Structure formats: C-alpha cells, structure tokens
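Residues per chain are reported as follows:
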Amino acid sequence: MIRKATINDIERIIDLLHQVDMVHHHIRPDLFKPYTTKYNEQELEALLGDDSKPVFVYDDGQVLGHAFCLITEVKDDKLLQDIKTLYIDDICVDEKARGKHVGRALYEYVRDYAMSIGCNNITLNVWEGNDPALSFYRNMGMKVQKTTMEVSLGLSL
C-alpha cells in the first residue's frame with residue numbers, strides 16, 4: 001500500500017535515506033559524505049507537515065520505499081510558460097526489496113498523484129554512474145530534459 005508518510009515512519013525513512021546516501025557516496029565520494037542523511041528527525045517531522053512537499057511511502061507491513069516530492073509552479077514568467085511540475089527529490093527502495101516492483105508502484109502512484117493535482121510534468125535528477133536508476137526511469141517513460149555538466153579543477157576537498 002502506498003500512502004503519505006507520517007511521523008511514525010521517520011525512523012524507517014532515515015534508514016532508507018542512509019541507503020540513498022551510500023549509493024551516492026559510492027558514485028561520487030568527492031561530493032557525498034558517507035554514513036549521513038539529507039534530513040534529521042526534526043527536519044523530517046517539519047517536512048511531513050508541508051503539503052507542497054509530499055512524502056509517500058510503500059508500506060507492506062514495513063516501509064520498503066519512499067518518494068520525496070516537491071510541487072513547483074511557474075506563473076506569468078517573462079520567459080517561461082506557465083507550468084506546474086512535480087519534482088521527485090528522492091526515491092528509494094530498500095536494497096532488500098529491489099526487483100519486487102516497489103519502485104514501479106511508487107513511481108506510478110506519484111505519477112497519478114501529479115496528474116490528479118494538475119501537474120504538467122514530473123522531473124527528477126539522476127547522478128551519472130547510477131545506471132540502475134537511469135534504466136528504471138527510462139523504463140518508466142522518462143527522457144532527458146536537460147544535462148548538467150562539470151569539469152574538475154583538481155582541487156582536493
């Protein structure tokens with residue numbers, strides 16, 4: 001079952017956020033610190049009360065995955081068309097539950113949610129080197145919207 005996350009889910013969400021961090025750390029140790037999370041318990045509690053940033057969980061008796069979302073809207077911009085976007089800020093399936101269609105169920109739920117609130121599109125970022133995620137999103141029908149590029153200047157952190 002997929003539902004909005006509650007305060008009771010925070011401990012499990014933090015476990016999943018650790019898994020996300022380690023995936024990113026292994027791909028880009030120059031950017032991501034190991035053994036940390038994007039949010040602490042207090043930040044998650046505040047986030048769960050913000051309707052513009054819904055968090056959904058896949059709960060099968062235990063939370064097996066999450067999707068952090070952000071709703072943005074452009075209106076009356078000088079350059080850009082009016083558009084309402086759901087940005088998937090973070091999506092994670094527990095490493096022990098991968099291959100069991102948890103990610104597909106979460107993505108499809110988020111897609112249906114975005115449609116129900118009048119979003120024009122869904123966006124997200126994938127780190128270069130995260131081939132399983134890139135393949136998954138392509139299989140969900142997503143395509144590249146833009147590319148961020150970098151050059152390392154050789155300075156160590």
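Describe the pairing of strand β2 (residues 55–59), listing the residues and the values that go with them.
Across the 5 residues of β2, 5 count as buried, placing the element largely inside the fold. Residues V55, V57 and D59 point to one face of β2 and F56 and Y58 to the other, with burial holding for every one of them. Judged from the 3 bridges that link them, strand β1 (residues 2–4) and β2 form a sheet pairing that is antiparallel. Looking at β2, one finds that K4 is bridged to F56. Strand direction decides the pairing type here: β2 and strand β3 (residues 63–74), joined by 5 bridges, are antiparallel. Bridge pairing in β3 places V57 opposite H66. What sits between the antiparallel neighbours β2 and β3 is a turn of 3 residues, in which G61 has the positive phi angle 90 degrees.

Could you give me a rundown of the pattern of salt bridges, with the residues and numbers involved?
Following the criterion strictly, the structure yields 11 salt bridges and no others. Taking the shortest distance from any N to any O, the salt bridge between K4 and D51 comes out at 3.9 Å. With K4 in strand β1 and D51 in the loop between α2 (41–47) and β2, the pair connects residues that are 47 residues apart, well separated along the chain. Residue K75 pairs with E73 through a salt bridge whose shortest N-O separation is 3.9 Å. A relative accessible area of 48% places E73 in the partly exposed class.

Explain the sheet that holds strand β4 (residues 83–93) to me, and be specific about the residues and the numbers.
Across the sheet, 5 strands lie side by side as β1-β2-β3-β4-β5; this open sheet has mixed pairing. Strands at the two margins of the open sheet, each flanked by one partner only, are β1 and β5 (121–124). Between one strand axis and the next, the sheet turns through 30 degrees on average, direction left out of account. Sitting on the sheet, helix α3 (residues 102–116) is in contact with β1, β2, β3, β4 and β5, with an inclination near 160 degrees to β4.

Definitions and limits used
- Residues numbered from 1 in each chain as written.
- Predicted model: local features only at pLDDT ≥ 70, side-chain atom pairs only at ≥ 80, totals over all residues.
- Heavy atoms only, no water.
- Buried < 20%, exposed > 50% of the residue type's maximum accessible area, 1.4 Å probe, protein only.
- Helix = DSSP H or I, 4+ residues; strand = E, 2+ residues; numbered from the N terminus.
- Pairing = 2+ DSSP bridges.
- Salt bridge = Lys/Arg side-chain N within 4 Å of Asp/Glu carboxyl O.
- Axes fitted to C-alpha atoms, helices over the stretch in contact; angles between N-to-C directions.
- Contact = heavy atoms within 4.5 Å.

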